[in-house]
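# Overview (structure and organization)
Residues per chain, in single letters:
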Amino acid sequence: MRIVNWPLYELILRTPRLELRLPRLEELDSLAELSKGGVHDPAHMPFAVPWTDLPPVERARGVMQHHWAQLAAWRVDNWKLPLTVFRSGEVVGVQSLTGRDFATVKQVSSGSWLGLEFQRQGIGTEMRAAVLELAFVGLGAKSALTAALVDNPASIGVSTRLGYQPNGVVRSRVRSGWEYEQQFVLDVDGWSQRRSIETEISGLDECIDLFGALPPD
């Protein structure tokens, strides 16, 4: 059934192995179940916001609440697109894209997580490449930001492979202490040089105004 009044459900990104889109209710429930199995080694926190420290049931409910909260809070000048990532129809994780004052600054940022069993297979690179294609080609972004704790080599590796450049280091609170967080930036020219993963975008015309963007020339 087509959702007329929330056309973001028509937006789909397809790469050689993956599909990224907003989930149906039962798919969101599957995503929540995936989080129960873990996202990282519990002894090491790779996220500045330690949401994975919650007990499995609370963590799963939080995944669903966070997804709904992002959509409920959507504004053209402040949006966050929480796409669920599928491989061969199976839920494997989340890839988000965020824009604040996008119509003016043409800049996005991203965040993601994968279930443990789907890590170290190149999926993280492929799903980030998909939302970068949406940002730069579909929405006309000029730059993209991301960040990772300096002891999170997997996330840093994804950024490096896609052409991001270091953009300073900040101190961030993590659990009861603090860690250094490496900032990265990628501009549209850098993306053009490293663009290597084919991505098909469908359904963008119906919802492009929700991003504060104009259709590409």
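Whatever comes next refers back to the structure up there.
Thresholds applied
- Residues numbered from 1 in each chain as written.
- Predicted model: local features only at pLDDT ≥ 70, side-chain atom pairs only at ≥ 80, totals over all residues.
- Heavy atoms only, no water.
- Phe/Tyr/Trp six-rings, centres within 6.5 Å; stacked < 30°, edge-to-face > 60°.
- Buried < 20%, exposed > 50% of the residue type's maximum accessible area, 1.4 Å probe, protein only.
- Helix = DSSP H or I, 4+ residues; strand = E, 2+ residues; numbered from the N terminus.
- Pairing = 2+ DSSP bridges.
- Right-handed = clockwise from strand over helix to strand, strands pointing away.
- Salt bridge = Lys/Arg side-chain N within 4 Å of Asp/Glu carboxyl O.
- Polar contact = N/O pair within 3.5 Å; in protein donor to acceptor, adjacent residues only side chain to side chain.
- Contact = heavy atoms within 4.5 Å.

### Structural notes on the packing of aromatic side chains
Describing an aromatic ring pair means giving the distance of the ring centres and the angle of the ring planes. Evaluation of the coordinates by the stated rule reveals seven aromatic pairs. Look at Trp178 and Tyr180: their rings are 5.0 Å apart centre to centre, the planes differ by 85°, and that puts the pair in the edge-to-face class. For Trp178, a relative accessible area of 40% puts it in the partly exposed group. A relative accessible area of 39% places Tyr180 in the partly exposed class.

### Some words on the pairing of strand β6 (residues 143–149)
Across the seven residues that make up β6, a large majority, five, are buried. When strand β5 (residues 107–114) meets β6, the two strands line up parallel, connected through three bridges. Note that in β6 the partner of Gln107 across the bridge is Ser143. Between the parallel pair β5 and β6, the chain is carried across by helix α4 (residues 123–138), and the sense of this crossover is right-handed.

### Observations concerning the pairing of strand β8 (residues 177–187)
Bridge analysis of β6 against β8 gives seven bridges, and the strand direction is antiparallel. Among the inter-strand pairings, Thr146 is bridged to a residue of β8, identified as Phe184.

### Some points on unusual backbone geometry
The backbone of Ser88 sits at a positive phi, close to 50°, despite the residue not being glycine. Structurally, the position occupied by Ser88 is in the loop between β3 (78–87) and β4 (90–100). Take Ser88: its relative accessible area is 77%, and that puts it in the exposed class.

### Things to note about the pattern of salt bridges
Summed over all chains, the structure comprises ten salt bridges. Of the charged contacts, one joins Glu19 and Arg21 as a salt bridge, the two residues approaching to 2.7 Å between their closest N and O atoms. Arg21 is paired through a salt bridge with Glu27; the nearest N and O atoms lie 2.8 Å apart. What makes Arg21 buried here is its relative accessible area of 12%. Given a relative accessible area of 9%, Glu27 falls into the buried group. One salt-bridge network, held together by shared partners, links Arg14, Glu19, Arg21, Arg24, Glu26, Glu27 and Glu200.

### Quick notes on the side chain of Gln95
By the element assignment, Gln95 lies in strand β4. A polar atom in the side chain of Gln95 sits 3.1 Å from the backbone oxygen of Gly111. Residues within four places of Gln95 in sequence aside, it is in contact with Leu20, Leu81, Pro82, Leu83, Val85, Ser110, Gly111, Ser112, Met127, Arg128 and Val131.

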